[in-house]
Amino acid sequence: MSVLITGIGELTTNSEVTGDALVIDGAEIAWVGNAGNAPAADERVDVEGRAVLPGWVDSHTHLVFAGDRTAEFGARMAGKPYTAGGIAVTVNATRAATDDELAAVVRKHIAEALKQGTTFIETKTGYGLNVADEVRSARIAAEQADEVTFLGAHLVPPGEDADTYVDLVRGEMLDAVAPLVRWADVFCEKGAFDYDQSKAVLQAAAAKGLGLRVHGNQLGEGPGVRLAVELGAASVDHCTYLSAADIDALASSDTVATLLPACDLSTRQSLPPARALLDAGATVALASNCNPGSSYTSSMAFCVTTAVLQMRMSVEEAVWAATAGGAQALRRTDVGVIRPGARADLHVLDAPSITHLAYRPGVPLTHSVWRRGERTN
Ligand code: NIG
């Protein structure tokens, strides 16, 4: 089944191809160009001057959870600081939930994101924190998400000895979870895991063949970025507090700086230094960090809007970061881009240009979405 899409008012491809029309064939983009030269297709859809871009690639979420942290959010808005310790509240609720309840939470948030144009999503374990609950989190995530990350090193479970827990994560837990995931991550931050503990977990994961990611520099400057670059991690996520040396290290590495502005707003932190990163030559991605504690949104458009209005990214930089940047953070070349051979993941805006994402903040602008060549809304 092939579909010719015409009438594209502005086409963002993140690639060398340009035009005002494209053809989807099955799950892939088959052709991009000007409508006058378009090949025949089974069906034709005229988007009547709307902007078309790749679907959002959300490279950082924590969707395998149960429970609610509204009260903690309320306390934060009244002035209480965010700390890593809140994770334990979600761990208790997640351990108590059934498999079906957890799967329903994942399903609900992926569907919510898809309606807003997110066609590719990563999610993590990290609210199980024992072998059985991390394995079931990974299994439930793998049934629904495009990419899955093992985050056993999210928090030392309250009451447990840190070094004993690190040994468990890099030993028995990693052995059990590794077959279900592509990535391993650590929360390298005060109150979670220090440099040595984080490195031990990541090195064990790399030895198992997993790709590496790091949560770092979220609550203050620290060793997360340095560690990520040293180990060749695909991405270091948060990057809210960076030293000049961190920015230089990122700029001269293949490690993507994944910024999570909705999290910084929801935890009343500063916004990350996107301009300094981009000006230094670092690769920047934007992601939602959807989770019940620090960032309870699935809206990539909100992240793009914030990046433009408050982080001094151009609309083009922000849209690239939320599509191709997310793909690069996951080391994928088949998504976040429109070109022949790429996955047919398209986001049609009810607007003539991507500029409207910042010009009309808060307005739901998703008109229609194709994922793997199928129109979903
Ligand atoms: O990315 N920073 C660590 N993990 C999550 C927060 C999880 C939580 O508070 O439940 C994050 O912000």
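Computed from a predicted structure; not experimentally measured.

### Quick notes on the UniProt feature "binding site: 4-imidazolone-5-propanoate" (unreviewed entry) in the chain
- Residues annotated by UniProt as "binding site: 4-imidazolone-5-propanoate" (unreviewed entry) correspond here to Arg-69, Tyr-127, His-154, Gln-218 and Ser-294.
- Mapped onto the fold, Arg-69 is located in the loop between strand S7 (56–58) and helix H1 (70–77).
- On the basis of neighbour counts, which here come to 20 C-beta atoms within 10 Å, the residue Arg-69 falls in the buried class.
- Non-local contacts of Arg-69, meaning those with residues more than four positions away in its chain, are made with Gly-86, Val-89, Thr-90, Pro-292 and Gly-293.
- Its location among the elements puts Ser-294 in the loop between strand S14 (284–286) and helix H11 (300–311).
- By the C-beta count within 10 Å, which is 26 here, Ser-294 ends up buried.
- Excluding residues that lie within four positions of it along the chain, Ser-294 makes contacts with Tyr-82, Cys-263, Ser-266, Thr-267 and Asn-289.

### Section: the site of the ligand
- For the ligand, the set of nearby residues contains 13 residues, the closest of which are Ile-87, Phe-187, Asn-291, Gly-293 and Ser-294.
- The residue inventory of the shell around the ligand, partitioned by class, reads three nonpolar, 10 polar and no charged.

### Comments concerning the domain arrangement of the chain
- When the domains of the chain are assigned, the result is domain 1 (2–54 + 338–375) and domain 2 (56–329).
- Each of domain 1 and domain 2 has a C-alpha centre, and the two are 30 Å apart.
- Of the residues lining the interface, 15 residues belong to domain 1; the matching set on domain 2 comes to 17 residues.
- Residue assignment for the side of domain 1 that touches domain 2 shows that the elements contributing at least two residues are strand S6 (51–54), helix H14 (356–359) and strand S16 (366–371).

### Focus: the pairing of strand S12 (residues 235–238)
- Sheet analysis places strand S11 (residues 211–216) next to S12, joined by four bridges and oriented parallel. Bridging across to S12, His-215 finds its partner in Asp-237.
- Between the parallel elements S11 and S12, the chain passes through helix H7 (residues 224–230) in a crossover that is right-handed.
- The pairing of S12 with strand S13 (residues 256–259) spans three bridges and is classified as parallel. Counted as the bridge partner of Asp-237 is Thr-258 from S13.

### Digging into the sheet that holds strand S2 (residues 10–11)
- The strand order S2-S6-S15-S16-S17 describes an open sheet built from five strands, whose pairing is mixed. Only two strands of the sheet have a single neighbouring strand rather than two, namely S2 and strand S17 (374–375).
- Both S2 and S6 contribute to a ladder of two bridges, which runs parallel. Residue pairing for S6: Leu-11 is matched across the bridge by Val-52.

About the thresholds
- Residues numbered from 1 in each chain as written.
- Predicted model: local features only at pLDDT ≥ 70, side-chain atom pairs only at ≥ 80, totals over all residues.
- UniProt positions renumbered as here; feature names shortened; annotations may be inferred.
- Helix = DSSP H or I, 4+ residues; strand = E, 2+ residues; numbered from the N terminus.
- Buried ≥ 20, exposed ≤ 12 C-beta atoms within 10 Å, placed from the backbone.
- Contact = placed C-beta atoms within 7 Å.
- Near = placed C-beta within 6 Å.
- Nonpolar A, V, L, I, M, F, W, Y, C, P; charged D, E, K, R; others polar.
- Domains from an automatic or database assignment.
- Pairing = 2+ DSSP bridges.
- Right-handed = clockwise from strand over helix to strand, strands pointing away.

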